[in-house]
Structure formats: C-alpha cells, structure tokens
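Chain residues, written in single-letter form:
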Amino acid sequence: MDKKEKKSLPELRTYTVEQIAVMLNIGRTTAYQLVKQEEFRIVRIGNAIRVSKKSFDEWLESLEL
C-alpha cells in the first residue's frame, strides 16, 4: 500500500479508563473510582467502559491546576 492509498483513522471520540489513568498519571483503580463518581459521561459496551472525550476534556479544564 503506497502513501496515496493510506487511509487516516478518524479522531478518537472516547477514551478508555486506562488512557485516562495514563493522562492523569494515576493508577487504574483511581481512574475507575473517578468513573464511578460520574465526573464525566461514560458509555458501557458489554464489559468495556468508554469515557466521552468531550466531557473528560471539559472536566479536566474545569479543574484549577
């Protein structure tokens, strides 16, 4: 496949809990606790949890760091 045939992936609209843990430099357990506190919107697909990128980014921006 040459460069012209390469298709770009769409921009992510959700994060996994593991991705949030990495971005915040926290453990997985703490990231799951944030999800349980309903700090941002989530979608459950079977056992998988996906966090809305928009709601997570808005929540993060609202924090006074």
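Residues numbered from 1 in each chain as written. Predicted model: local features only at pLDDT ≥ 70, side-chain atom pairs only at ≥ 80, totals over all residues. Heavy atoms only, no water.

**As for the overall build of the chain**
Next, step 1: Secondary structure summary: the chain contains 3 helices and 3 strands in total.
Next, step 2: Helices (α) and strands (β) of the chain occur, in sequence order from the N terminus, as β-α-α-β-β-α.
Next, step 3: Counting only residues that meet the buried cut, the chain has 22% of its 65 residues in that class.
Next, step 4: The contacts in the chain between residues at least 6 apart in sequence include a share of 42% that link residues at least 24 apart.
Next, step 5: For the chain, the accessible area works out to roughly 5800 Å², and carbon and sulfur atoms hold 50% of it. (Helix = DSSP H or I, 4+ residues; strand = E, 2+ residues; numbered from the N terminus. Buried < 20%, exposed > 50% of the residue type's maximum accessible area, 1.4 Å probe, protein only. Contact = heavy atoms within 4.5 Å. Areas by Shrake-Rupley, 256 points an atom, 1.4 Å probe, with all protein chains shown as cover.)

**A short note on the pattern of salt bridges**
Next, step 1: Inspection of every chain in the model, using the stated rule, returns 2 salt bridges.
Next, step 2: Of the charged contacts, one joins Arg28 and Glu18 as a salt bridge, the two residues approaching to 3.7 Å between their closest N and O atoms. A residue pair is termed long-range when its members are at least 10 positions apart, and Arg28 in helix α2 (residues 28–36) and Glu18 in helix α1 (residues 17–24) qualify at 10 residues.
Next, step 3: Of the charged contacts, one joins Lys53 and Asp57 as a salt bridge, the two residues approaching to 2.9 Å between their closest N and O atoms. Remark: Asp57 and Lys53 occur in helix α3 (residues 53–62); sequence separation between them is 4 residues, near one turn of the helix. (Salt bridge = Lys/Arg side-chain N within 4 Å of Asp/Glu carboxyl O.)

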